[in-house]
Amino acid sequence: MRPDIQRLAAAAALVSLFGITGCSGDPEKPGLDEAAKLLVADGEKLLDSQDMRSVGSAAVTERADRDGEVGCLKGQVQRFFRAQGDLKGPPYKQSPGSVAGLLASWLRLRSYSSIVDDLDLRDENLGTAVLQHSTTGVTFAITIRNGQKPHIMIVGKTSCYERGA
């Protein structure tokens, strides 16, 4: 199998896992509104972190302000936090894998754990990290890419919740 097809297949598996891990009925997790507040707070802090400022900048494009059904079972909803931006300096100054790792480290310091081994998805133009907070169920996927804008894409999401819960 060609390496580019292998990476594409691995990325598709990552997206599938990202969708599956968010749907949980764990009664110890916060409710949807509280999880959305935590999602937005962590996302905004990540965007404002020294780590982010050292590699580039990103702006919020969605702030968990509406329910979404994508990735959830019928009758369930979740909320998303999305941001995108660009790396500083010349396009190939920074390794995308290193940048993704740096931003993931910031989340790890806040009790997030990696849920996907992303080393096979990395190359000179792509870096990824997917992390989840064990008590809130909030998940972040960070994608860094060279040669194509936006360079930085961050998607955070809550777990899936029963509609109206």
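Every value quoted in this text rests on a predicted model; they were computed, and no experiment measured them.

All right, on to the sheet that holds strand S4 (residues 112-114) then. Reading across from one edge, S1-S3-S7-S6-S5-S4 is the order of the six strands in this open sheet, with antiparallel pairing throughout. Each end of this open sheet is capped by a strand with a single partner; those strands are strand S1 (56-63) and S4. The sheet shows a mean angle of 20° between the axes of neighbouring strands, direction not considered. Both strand S3 (residues 80-87) and strand S7 (residues 152-157) contribute to a ladder of six bridges, which runs antiparallel. Bridged to phenylalanine 80 within S7 is lysine 157. Contacts between helix H2 (residues 32-47) and the sheet are confined to S1, S3, S4, strand S6 (139-145) and S7, with S3 contributing the most and set at about 10° to the helix. Strands in contact with helix H4 (residues 96-108) are S3, S4, strand S5 (126-133) and S6; relative to S5, the strand with the most contacts, it is inclined by about 15°.

What follows covers the state of the cysteines. Per the counting criterion, the structure on display carries one disulfide. Here cysteine 72 connects covalently by a disulfide to cysteine 160, the sulfurs 2.1 Å from one another. Measuring the twist about the S-S bond at about -85°, one finds the cysteine 72-cysteine 160 disulfide to be left-handed. Here cysteine 160 lies in the loop between S7 and strand S8 (161-162) and cysteine 72 lies in the loop between S1 and strand S2 (76-77), a separation of 88 residues in the sequence. Judged by relative accessible area, cysteine 160 falls into the buried class, the value being 1%.

Taking burial as the measure, the seven residues of S6 include six buried ones, the bulk of the element. Pairing geometry for S5 and S6, over seven bridges, is antiparallel. Each bridged residue has a counterpart across the sheet, and for glycine 127 the counterpart in S6 is isoleucine 144. As paired strands, S6 and S7 are joined by six bridges and run antiparallel to one another. Bridge pairing links phenylalanine 140 to glycine 156 in S7. Adjacent in sequence and paired antiparallel, S6 and S7 are bridged by six residues, among which glycine 147 carries a positive phi angle near 80°.

A word on the pattern of salt bridges. Within the structure shown, the criterion is met by seven salt bridges. Notably, a salt bridge pairs aspartate 48 with arginine 53, separated by 3.4 Å at the nearest N-O pair. In this structure aspartate 48 comes out as exposed when scored by relative accessible area, which is 55%. Overall, arginine 53 belongs to the partly exposed group, its relative accessible area being 39%. The partner of aspartate 67 in a salt bridge is arginine 79, and the shortest N-O contact between them spans 2.7 Å. Residue aspartate 67 is found in the loop between S1 and S2, and its partner arginine 79 is found in the loop between S2 and S3; the two are separated by 12 residues along the sequence.

About the cut-offs
- Residues numbered from 1 in each chain as written.
- Predicted model: local features only at pLDDT ≥ 70, side-chain atom pairs only at ≥ 80, totals over all residues.
- Heavy atoms only, no water.
- Pairing = 2+ DSSP bridges.
- Helix = DSSP H or I, 4+ residues; strand = E, 2+ residues; numbered from the N terminus.
- Axes fitted to C-alpha atoms, helices over the stretch in contact; angles between N-to-C directions.
- Contact = heavy atoms within 4.5 Å.
- Disulfide = S-S within 2.5 Å.
- Buried < 20%, exposed > 50% of the residue type's maximum accessible area, 1.4 Å probe, protein only.
- Salt bridge = Lys/Arg side-chain N within 4 Å of Asp/Glu carboxyl O.

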